[in-house]
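Observations on the model geometry
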Amino acid sequence: MRCYFRGKMAAFRSMRILFCSNVPQVRDAYFGSYVFYRCAKRALCTKITNADTASQPVQKPQFTDEEIQRMLVKMTGLNLQKIFRPVKQEHKPPTYKLMTDSQLEKATQNAIQVAQERLQFPPVLVERKPITDILAEDRFLEGTETAKLVITDINYGIPHRERFIVVREPNGVLRKATWEERDRMIQVYFPREGRRLTPVPLFKDENLGIHFNQDRHEYLLELCLLQFEPDSPDYIRVHHQTYKDIDKRGKYELLRSTRHFGGMTWYLVNNKLIDGLLIDMLQRYLMEDAVNLVKLYNMVHPESESAKQARECSAEAFDLIKVYVNTDAQKAGYIELALQSHQEVLHSSASAT
């Protein structure tokens, strides 16, 4: 029965092919319908794909992206004299060593590796959301205590972010500890060297200007990194005010070749405040850094006129900066003067050679 059925199907396919090949009208209709079906199917799939692509939002570059980190590290620079500058510490007699050329080269490579480790950027995070969770309201306990009771899980091996800390209010409410309470209790049970239970007064807004006037921006950021968590409001506030003051004074060199230069550049790019830093790079003849700065700006703000025209013109290098000057620059005149000065130096050096 199975062989008979297969034979009938083979005969039917042979008759259909023979019939379609002998009758032109039927052959065209048959193959025409087949082609029409395939084309319609492909068009439908294309439309769905385009709709899905359009509905997906464009993901904004993040500080931790590999390409972003590479560009920021390049702009930071690697000044060994600044990275290993003398610091105040216990006085010890210097150590002298006699080295061969190969030993000196190896020691230099080791110093470069240590310097690169020291230039690792601190994290740039979004401000943490307040903790307002209430676990229970035991009103029968109201009045039994006159102070808050803080219960902390002090077991070892638990990440501090996951550590369970709750507070019993005098009115009987049991709630999760706020971020400030968590930081304080974690410092009590797991003290971190250099961090205080109560932040020093220099982090207050009225005292920051004193350190800014003394060009102690890096010192302030180092203390802030030690005292606060990277996503705390105080950490973000101090960093942003420090970046604003550096941009206002044009003293970008204070953070160049430090681990804070990348965060400052990222802040200026996100807030469209790169003009001052761009002028500083051009005046110091850091053309590659200036180009990377404009590239980073276009990556973070793909909807800007600078990014659109750069894509249309496929602008690169010097032309990329010119496109930014003609579109988004707030200090276009100053940037053009810096570009002209840079070109004149290049022409003079080329003619001298």
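Overview of the structure. Note that the structure is a prediction, hence the values are computed from the model and not measured. (Residues numbered from 1 in each chain as written. Predicted model: local features only at pLDDT ≥ 70, side-chain atom pairs only at ≥ 80, totals over all residues. Heavy atoms only, no water.)

1. Description of the layout of surface pockets
Rules: In the cavity and pocket records, a cavity denotes points on a 1 Å grid over the protein atoms alone where a 1.4 Å probe fits but cannot get out, a pocket denotes an open set with protein on both sides within 12 Å along at least 5 of 7 lines, and lining residues are residues with an atom within 4 Å of a point. Grid points are joined across faces, edges and corners, and a volume is the space filled by probe spheres set on the points. Strands here mean DSSP runs of E at least two residues long; helices mean DSSP runs of H or I at least four residues long; both are numbered from the N terminus.
By volume, the largest pocket amounts to about 540 Å³. Elements that contribute at least two residues to the lining of the largest pocket include exactly helix H9 (233–249) and helix H10 (261–270). Its boundaries defined by the atoms lining it, the second largest pocket holds a volume of some 400 Å³. Taken together, 15 residues form the lining of the second largest pocket, with Ile83, Arg85, Val87, Glu218 and Glu222 sitting closest to its centre. Every element with two or more residues in the lining of the second largest pocket is listed here: helix H4 (80–83) and helix H8 (217–227). The biggest single contributor to the lining of the second largest pocket is H8, with 3 residues.

2. Things to note about the sheet that holds strand E2 (residues 149–152)
Cut-off, in case you're wondering: Strands pair, by our definition, only if DSSP identifies at least two bridges between them. Only the stretch in contact is used when a helix axis is fitted, and all axes are lines through C-alpha atoms; the angle between N-to-C directions ranges over 0 to 180 degrees.
Spatially, the 4 strands line up as an open sheet ordered E1-E4-E3-E2, and their pairing is antiparallel. Looking along the sheet, the strands with just one partner apiece sit at the ends: strand E1 (134–137) and E2. Ignoring which end each strand starts from, the neighbouring axes of this sheet average 15 degrees apart. Bridge count for E2 against strand E3 (residues 165–168) is 4 bridges, and the pairing is antiparallel. Within the sheet, the bridge partner assigned to Ile151 lies in E3 and is Val166.

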